[in-house]
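The chain contents come next:
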Amino acid sequence: MAKETSSAQGVWARKDLLGLEGLSAQEIETILDAAASFKGAPVSDALASRTVAFLFSEPSTRTRSSFEMAAHRLGAHVLGFSAASSSLLKGESLLDTMKNLEAMGVDYFVVRHETSGVLEPIAGLVRASIVNAGDGAHEHPTQALLDLFTLRERKGRIKGLRVVIVGDILHSRVARSNIHGLRALGARVTVCGPATLIPRQIERMGVRVSHDLSAALEDADAVNVLRLQLERQKQNLVTSVSDYFQSFGLTAERLKPFPDCLVLHPGPINRGVEIASDVADGPQSVILDQVANGVAVRMAVLSLLDQARGRG
Ligand code: CP
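Presented here is a report on the structure given in the accompanying data block.

**Regarding the overall build of the protein chain**
Along the protein chain, the regular secondary structure elements total eleven helices and nine strands. At 19 Å, the protein chain has a C-alpha radius of gyration in line with the 20 Å of a compact globule built from 312 residues. Taking the principal axes of its C-alpha atoms as reference, the protein chain extends roughly 55 × 45 × 35 Å. The burial tally for the protein chain puts 55% of its 312 residues in the buried class. In the protein chain, the share of contacts with a sequence separation of at least 24, taken over all contacts with a separation of at least 6, comes to 71%. Side chains of the protein chain carry 34 positive and 34 negative charges; the gap between the two charge centres is 2 Å.

See the structure below:
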């Protein structure tokens with residue numbers, strides 16, 4: 001996170017949102033409470049004079065679309081910047097690109113990048129606020145916030161919940177942000193997957209490790225299913241996709257003993273790889289609730305950052 005700290009109850013004082021690591025329970029709850037107030041609320045003009053630019057050098061469906069919807073619902077101008085056809089391809093650095101766009105009047109950058117930690121050294125060098133929309137295998141804070149929001153909405157609390165995160169933990173920025181957020185709010189987290197997809201010493205993040213999904217699901221309030229990020233795997237870390245599904249795929253049969261366990265997935269879903277279709281579309285799934293809640297959570301993030309800039 002950027003160096004600024006937030007202090008008073010219900011007050012957000014950070015310029016940027018780069019990750020959930022280091023955020024207090026109070027800061028996270030401030031965002032979740034703000035999101036609750038935005039959910040179903042009419043559009044506003046709170047950010048009417050602001051410009052939000054999107055710098056995405058990796059694909060996105062949900063994050064980019066819902067951030068754009070959030071910005072529109074707050075009355076902001078959205079800059080249709082395409083990283084893929086920009087001078088980034090001519091060797092211009094991300095920092096120089098941001099400084100040039102900032103000179104044109106951009107107030108907010110929403111950035112997705114393939115490099116873990118790319119935003120930390122940049123955040124202090126630009127006046128605009130930066131929101132991390134996913135950096136490598138590092139963090140994806142707004143995804144975790146909408147996961148937390150959905151869990152809190154459905155279960156009434158986060159503290160004391162038992163949450164299993166199953167899948168490609170090694171490459172998952174969603175897993176890392178979820179672990180930071182869930183632990184900060186007092187949930188108990190188990191990460192589950194083959195040993196090749198679990199980072200060494202992940203227990204230091206305050207989680208348990210399991211290689212047996214059915215055992216991990218015992219007493220679980222929710223399971224967050226992650227896809228295999230084959231595009232980030234430099235070597236074969238699973239014997240085959242069908243072997244993976246056999247051992248770690250969330251099937252109706254595997255879920256049947258646990259009817260109160262919510263099923264989350266950040267998307268994109270690979271049906272028949274990490275989750276069966278009848279589970280993804282079944283009664284325990286809150287996957288589309290997560291997507292819907294993403295708009296309110298992103299409205300909350302932009303709005304709170306704006307207040308911290310003294311312009312709210
Ligand atoms: N969950 C998520 O980040 O989805 P997108 O890659 O489609 O944005």
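**Observations regarding empty space enclosed by the protein**
Under the definition given, this model contains one cavity of 30 Å³ or more. There is about 40 Å³ of room inside the largest cavity. Arg62, Ser66, Gln143, Leu146, Pro266, Gln290, Val291 and Arg298 together form the lining of the largest cavity. Only helix H2 (62–73), helix H5 (141–155) and helix H11 (287–308) provide two or more residues apiece to the lining of the largest cavity. Per-element accounting of the lining of the largest cavity gives the leading share, three residues, to H11. Here the residues of the lining of the largest cavity sort into three nonpolar, three polar and two charged. Among the domains, domain 1 (25–139 + 294–311) and domain 2 (141–291) are the pair contributing at least three residues each to the lining of the largest cavity.

**Focus: the sheet that holds strand S7 (residues 208–210)**
The strands making up a sheet associate through hydrogen bonds between their backbones, and the pairing can be parallel or antiparallel. Strand order in this open sheet of five strands is S7-S6-S5-S8-S9, and the pairing throughout is parallel. Each having just a single partner strand, S7 and strand S9 (262–264) make up the two edges of the open sheet. Averaged over neighbouring strand pairs, the angle between their axes works out to 25 degrees when direction is ignored. Two elements, strand S5 (residues 162–166) and strand S8 (residues 222–225), share four bridges in a ladder whose sense is parallel. Residue pairing across strands places valine 166 opposite valine 225, the latter belonging to S8. Its contacts with the sheet put helix H6 (residues 173–184) on S5, strand S6 (188–192) and S8, and the angle it makes with S5 is roughly 170 degrees.

**Brief notes about the sheet that holds strand S4 (residues 129–135)**
In space, the four strands of this open sheet follow the order S2-S1-S3-S4, with parallel pairing throughout. Each edge of the open sheet carries a strand with a single partner, namely strand S2 (77–79) and S4. On average, each strand axis in the sheet is tilted by 20 degrees relative to the strand beside it, whichever way the strands run. Taken together, the five bridges between strand S3 (residues 108–113) and S4 define a ladder with parallel strand orientation. Opposite histidine 113, over in S4, you have aspartate 135 as the bridge partner.

About the thresholds
- Residues numbered from 1 in each chain as written.
- Predicted model: local features only at pLDDT ≥ 70, side-chain atom pairs only at ≥ 80, totals over all residues.
- Heavy atoms only, no water.
- Helix = DSSP H or I, 4+ residues; strand = E, 2+ residues; numbered from the N terminus.
- Rg over C-alpha atoms; globule rule 2.2 N^0.38 Å.
- Buried < 20%, exposed > 50% of the residue type's maximum accessible area, 1.4 Å probe, protein only.
- Contact = heavy atoms within 4.5 Å.
- Lys, Arg positive; Asp, Glu negative; His and termini not counted.
- Charge placed at Lys NZ, Arg CZ, Asp CG, Glu CD.
- 1 Å grid on protein atoms, 1.4 Å probe; cavity = no way out; pocket = protein on both sides within 12 Å on 5 of 7 lines; lining within 4 Å.
- Points joined across faces, edges and corners; volume = space filled by probe spheres on them.
- Nonpolar A, V, L, I, M, F, W, Y, C, P; charged D, E, K, R; others polar.
- Domains from an automatic or database assignment.
- Pairing = 2+ DSSP bridges.
- Axes fitted to C-alpha atoms, helices over the stretch in contact; angles between N-to-C directions.

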